[in-house]
Amino acid sequence: MANIIELHGIIKRYFIGKPNELQVLNGLDIEVPEGEFVSIIGESGSGKSTLMNIIGMLDRPTEGTYSLGGIDTLVQPDVVLSRLRGQKVGFVFQTFNLIGRMNAQKNVEMPMLYNHVPAKERAERAAHLLEIVEMADRAKHQPNELSGGQKQRVAIARAMANDPDVILADEPTGALDSATGRLVMDIFHDLHERYGKTIVLITHNPELAEETQRIITLKDGDIVGVRAGAGHGGRQNAAPTEALS
Amino acid sequence: MNFGDNISQAFTSLRANKMRALLTMLGIIIGIAAVIAIMTVGSSMQNSISDQMQSLGVNNITVYIQQKDDGWGRGGPGMMGAFPGQQQGPGEDDLITNEMLTALREEYPDEIQAYSLSVDVGSGSTTAGSKYAYISIMGANSEYMTANNIDITRGRFVNDQDSDGRRKVAVVSDKLVSSMFGEEDPIGKTIMAVTDSHVGTYTIVGVYQTESSDFGPTTTSDADTQTEMYIPLGTAQKIMGTDGYQMFTIMSATSVNATTFSEQVQSALGKYYSRNEEYEVSTFSMESMVETVTSMLSQVTLAISAIAAIALLVGGIGVMNIMLVSITERTREIGVRKALGATNGEIRAQFIVEAIVICFIGGIIGIILGIILGMIGVQVINSMSSGEGGDMSYGTSVSVNAILLATGFSMAIGLFFGYYPANKAAKLDPIDALRFE
Ligand SMILES: Nc1ncnc2c1ncn2[C@@H]1O[C@H](COP(=O)(O)OP(=O)(O)OP(=O)(O)O)[C@@H](O)[C@H]1O
Ligand SMILES: [Mg+2]
């Protein structure tokens, strides 16, 4: 299976040229095949979010190459990166990051707005996505009228808006209790299995990581372990894990 | 993201903070309202002043002699009848003579329709039996009536035959008639006129209406009011022992540009005075007065508008300030939007549109407010001028140009002052914006 994400020699440094120069990623090589559900774990400060932001093209690495779906992202201008973010990637944040003045429906429509989807189609698709995450009855609610789990489900619907290839989730259950976290995790499994999405999940919860197909462990900016997970609760259709090259 | 989406996004975020949006608009509202109000009052006044003056006869040119400028600019257009230099007075040699008038008429036969001539005899009183009234006596030719819009209600005005025959006839005011003769017909009655230098008996041949008579029945103070008594020009000249005039009015043809013609008259008559050490000829026309007043008004309007424009500038800076605050507050939102696919240009457009929408709404409110204020202003001026006995009344005229200009200008302010904050938002690094606490 083709790799949708290919990172080679990714180095990230902060405070470059200053006495307190800090290297947080030490030349990582990661390949993620299309349709894989992979998790990244590691202690706090190990560089997980930094890595995720690079994959999401929100940040540029100091060195290295990164291709997403065959596109060499690091040579692209900002405008192209914006479009790639909007169309190829769906973000799910730990703190949801819904826009407060807009109801759930409008929040889900937002990525489509930037993808020039006509208004009618936007509304229809947003409604459909809210149904998938079982939030249809809350479509007209403002974010501050929703619980954390409900917000995160809206955020997942939003991440799916432009039918991206990759979903990037940085501690999506971090702000939720375990039962709600479970619910969110089930939605990710669903997106993976039913819709074939490639999912990169950062989590501090080892049990949740175990459910994914492959677990990458980071420590101080290095990959210190790659192992296969259980896939989804021993489901038979789970794709086989692939070794890190 | 198309333009319509931008507008609806702008409204969404303005609705989220209505009070702030309103306060932000306030500067724009005040600035635009001030400009529109001033322009409304200004153009209303300008329109009706020129209307009024047009009806007063812009084609009359007043010619008068005045003492050569001794640094205090004696005399001037406002001096009808009341000469400041009267104590010493111009000598017989200084006056404008009939020869000059004839020569002038020969030089400009097409331009000059008629002369309105007058000689001031002085003021005093008239008596008939036990009744009396205060008057000032003015010798006038027949054209004087037309030139000065004298409204004869009974009898006739003094004419050339009266003048040639030096007849002792008089045209008096309706006020004088009512205080001296009551309801009786005054025509043919004789009155005795007394001034410092002259005593004479006159037969009344006509009555004219005083201007304020349309303000209801005569009041008690009317008996003490001094009114003009017109006698034939020749009669007055004989009394004063003079052939000349301190002033006269040219009634020029309607086709003539009174302003230019008055300059020509001034130089034509000026040559008679080139060797006169004390006096010179001056002219003034209603038309040049209209022009002066109109240009003064538009300058005042412009000057006040400039001040209002400063208010607009301050308003614009207010918009910029609030936009900067709002962008700082919404840094995370900007980060999220970028993560969801917004380009720098789209973020910039979003905030510029927001600023323009604020300024546009502010501009519209300002225009409405300005028109209302302008109308009130015109009403106030009208009530003030009618209170003084004037019959000026200004119609309100709102300039469409001013409205379009104000709308365009307010949006331009939004664009101008919105650009910097919007650009700042656009250039935010997505990851920095997302991490912003
Ligand atoms: N903008 C930045 N400037 C300087 N240092 C940074 C910046 N962002 C991250 N770092 C540093 O990079 C290192 C990795 O941070 P990162 O956020 O990737 O950790 P993480 O693995 O996601 O941790 P956590 O599990 O707590 O979220 C940390 O030491 C952090 O201090
Ligand atoms: Mg992190």
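Refer to the structure presented above.
The model shown is predicted, which means the values in this text are computed figures rather than measured ones. (Residues numbered from 1 in each chain as written. Chains lettered and ligands numbered in written order. Predicted model: local features only at pLDDT ≥ 70, side-chain atom pairs only at ≥ 80, totals over all residues. Heavy atoms only, no water.)

Okay, the overall build of chain A next. Counting secondary structure elements, chain A contains seven helices and ten strands. Since a compact globule built from 245 residues should have a radius of gyration of about 18 Å, the 18 Å found for chain A is in line with a globular shape. Each of the three principal axes of chain A carries a C-alpha extent, and together these read 50 × 40 × 35 Å. Classification of the 245 residues of chain A by burial places 51% in the buried group. When the accessible surface of chain A is split by element, carbon and sulfur atoms take 50% of a total near 10,300 Å². (Helix = DSSP H or I, 4+ residues; strand = E, 2+ residues; numbered from the N terminus. Rg over C-alpha atoms; globule rule 2.2 N^0.38 Å. Buried < 20%, exposed > 50% of the residue type's maximum accessible area, 1.4 Å probe, protein only. Areas by Shrake-Rupley, 256 points an atom, 1.4 Å probe, with all protein chains shown as cover.)

Let's shift gears to the overall build of chain B. In terms of helices and strands, chain B carries 13 helices and ten strands. Looking at chain B residue by residue over its 437 residues, the buried ones come to 46%. Taking as baseline every contact in chain B between residues at least 6 positions apart, the subset at least 24 positions apart corresponds to 79%. Surface summary for chain B: the accessible area is close to 20,900 Å², and the carbon and sulfur share equals 58%. (Contact = heavy atoms within 4.5 Å.)

The partner chain A presents 24 residues to the 24 residues of chain B that form the contact. Summed over both partners, the interface of chain B with chain A comes to about 2,200 Å²; 56% of that surface belongs to carbon and sulfur atoms. Counting every contact that joins chain B to chain A gives three salt bridges. Ionic pairing is found between Glu333(B) and Arg101(A), a salt bridge with its closest N-O pair at 2.7 Å. The interface formed by chain B and chain A holds nine residue pairs in polar contact (both at pLDDT 80 or more) in total. Of all the secondary-structure elements, those providing two or more residues to the side of chain B that touches chain A are α1 (3-15), α10 (331-339), α11 (344-387) and α13 (430-435) of chain B. Examining the composition of the side of chain B that touches chain A, we find that six residues originate from one element, α10(B), more than from any other. Across the side of chain B that touches chain A, the residue classes tally to nine nonpolar, seven polar and eight charged. (Buried area = accessible area lost by both parts, 1.4 Å probe. Salt bridge = Lys/Arg side-chain N within 4 Å of Asp/Glu carboxyl O. Polar contact = N/O pair within 3.5 Å; in protein donor to acceptor, adjacent residues only side chain to side chain. Nonpolar A, V, L, I, M, F, W, Y, C, P; charged D, E, K, R; others polar.)

Our focus in this paragraph is the pairing of strand β6 (residues 190-195) of chain B. Residues and elements named next belong to chain B. On β6, burial follows the alternation: Ile191, Ala193 and Thr195 on one face are buried, whereas Thr190, Met192 and Val194 on the facing-out side are not. Here β6 runs beside strand β7 (residues 199-208); their pairing, made up of five bridges, is antiparallel. Note on β7: the bridge partner recorded for Ala193 is Gly200. (Pairing = 2+ DSSP bridges.)

Further remarks concern the site of ligand 1. Around ligand 1, 15 residues are found, and the nearest of them are Ser44(A), Lys48(A), Ser49(A), Thr50(A) and His204(A). Residues close to ligand 1 are split across chains A and B. Backbone polar atom of Gly47(A) to an oxygen atom of ligand 1: 3.1 Å apart, as the coordinates give it. Measuring from an oxygen atom of ligand 1, one finds a side-chain N or O atom of Glu171(A) at 3.3 Å. (Near = heavy atom within 4 Å.)

Bringing the pairing of strand β8 (residues 227-232) of chain B into the picture now. Residue and element names in this part refer to chain B. Counting buried residues in β8 gives five out of six residues, a clear majority hidden from the surface. Judged from the six bridges that link them, strand β3 (residues 131-140) and β8 form a sheet pairing that is parallel. For Ser136, the partnering residue across the bridge sits in β8 and is Glu228.

With respect to the element layout, Ile7(B) can be found in helix α1. On the basis of relative accessibility, which here comes to 26%, the residue Ile7(B) falls in the partly exposed class.

Residues and elements named next belong to chain A. Its location among the elements puts Asp170 in strand β7 (residues 166-170). Despite its burial, Asp170 remains without a salt bridge, the nearest opposite charge being carried by Lys48 at 7.0 Å. There is a polar contact of 2.7 Å between the side chain of Asp170 and the side chain of Ser49. Those residues in contact with Asp170, other than ones at most four positions away along the chain, are Ser49, Met52, Val92, Phe93, Gln94 and Ile202. (Lys, Arg positive; Asp, Glu negative; His and termini not counted.)

Turning next to a negative patch on the surface. Taken together, the side chains of Glu92(B), Asp93(B), Glu99(B) and Asp243(B) define an acidic patch exposed on the protein surface. Tracing the sequence through the fold places Asp93(B) in the loop between β1 (60-67) and α3 (98-107). (Patch = residues over 30% accessible without salt bridge, like charges linked within 9 Å, V, L, I, M, F, W, Y side chains within 5 Å. Charge placed at Lys NZ, Arg CZ, Asp CG, Glu CD.)

Here we come to the sheet that holds β7(A). Adjacent strands of a sheet pair through backbone hydrogen bonds, lying either parallel or antiparallel. Residues and elements named next belong to chain A. Strands sit in the order β6-β7-β8-β3-β9-β10 across an open sheet of six strands; the sheet is mixed. Across the chains shown, the open sheet's two edge strands, defined by having one partner strand only, are β6 (89-92) and β10 (222-228). For this sheet, the mean angle separating the axes of adjacent strands, direction not counted, is 20°. Relative to the sheet, helix α1 (residues 48-55) contacts β3 (37-42), β7, β8 (198-202) and β9 (214-219), its axis offset from that of β7 by approximately 155°. (Axes fitted to C-alpha atoms, helices over the stretch in contact; angles between N-to-C directions.)

So, about the packing of α3(B) against helix α8 (residues 258-270) of chain B. All names here are of chain B. Look at α3 against α8: their axes get within 11 Å of each other, and the N-to-C directions meet at 130°. Here α8 runs oblique to α3, going by the angle between their axes. Crossing geometry of α3 relative to α8 is assigned as right-handed. Seen from α3, the contacting residues are Met100, Leu104 and Glu107; seen from α8, they are Val265, Ala268 and Leu269. (Parallel < 35°, antiparallel > 145°, perpendicular 65-115°, else oblique. Left-handed = near helix turned anticlockwise from the far one by under 90°.)

Time to look at the nonpolar core. Ile5(A), Leu7(A), Leu51(A), Tyr66(A), Leu68(A), Leu168(A) and Phe351(B) are the most contacted members of the largest nonpolar core, which has 72 residues in total. The dominant element in this core, judged by the number of residues it contributes, is α11(B), at eleven residues. Those residues in contact with Leu168(A), other than ones at most four positions away along the chain, are Met52(A), Ile55(A), Gly56(A), Val89(A), Gly90(A), Phe91(A), Val92(A) and Val200(A). Judged by nonpolar contacts, the second largest core, of 45 residues, contains Ala193(B), Ala236(B), Phe261(B) and Ala268(B). (Core = buried A, V, L, I, M, F, W, Y, C linked by side-chain atoms within 4.5 Å.)

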